[in-house]
Amino acid sequence: MKKLVLAAALTAAASTAFAGAPADPIIEAPVIVEETRSSSGGIILPLLLLLVVVAAVAD
C-alpha cells in the first residue's frame, strides 16, 4: 500500500512539473562588426581634385 501511495505521489509531482509551456528561449542578437576604413582614404580624392584645379589655374 505504501508503494502505491508513493508511486501516485511521484506521478502527480512529475505531471505538475511538466504542466504548462516551457519558457521561451532567449536569443541574443548577432554582433555585427563593420569594416573600418583608414582615415587617409577619405582625403585622397579631395586632394587629387585640388591638384587638378591648381594645375588648371596655373595654365
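In what follows, the structure referred to is the one given above.
About the criteria used
Residues numbered from 1 in each chain as written. Predicted model: local features only at pLDDT ≥ 70, side-chain atom pairs only at ≥ 80, totals over all residues. Heavy atoms only, no water. Helix = DSSP H or I, 4+ residues; strand = E, 2+ residues; numbered from the N terminus. Buried < 20%, exposed > 50% of the residue type's maximum accessible area, 1.4 Å probe, protein only. Areas by Shrake-Rupley, 256 points an atom, 1.4 Å probe, with all protein chains shown as cover. Expected span 1.5 Å × (residues − 1). Patch = residues over 30% accessible without salt bridge, like charges linked within 9 Å, V, L, I, M, F, W, Y side chains within 5 Å. Salt bridge = Lys/Arg side-chain N within 4 Å of Asp/Glu carboxyl O.

Turning our eyes to something else, we now look at the overall build of the protein chain. Per the secondary structure count, the protein chain includes two helices and zero strands. Going through the 59 residues of the protein chain one by one, you find that 0% of them count as buried. Of the roughly 6,200 Å² of accessible surface on the protein chain, 71% is carried by carbon and sulfur atoms.

The end-to-end C-alpha distance of helix H2 (residues 44-58) is 21 Å, a good match for the 21 Å that 15 residues give at a rise of 1.5 Å each. Burial analysis of H2 places just zero of its 15 residues in the buried class, which makes it a mostly uncovered element.

The grouping of Ile43, Ile44, Leu47, Leu48, Leu50, Leu51 and Val54 at the surface amounts to a nonpolar patch, some 680 Å² of accessible area in total. Looking at the secondary structure, you find Leu51 in helix H2. Among the residues examined, Leu51 registers a relative accessible area of 56% and is labelled exposed.

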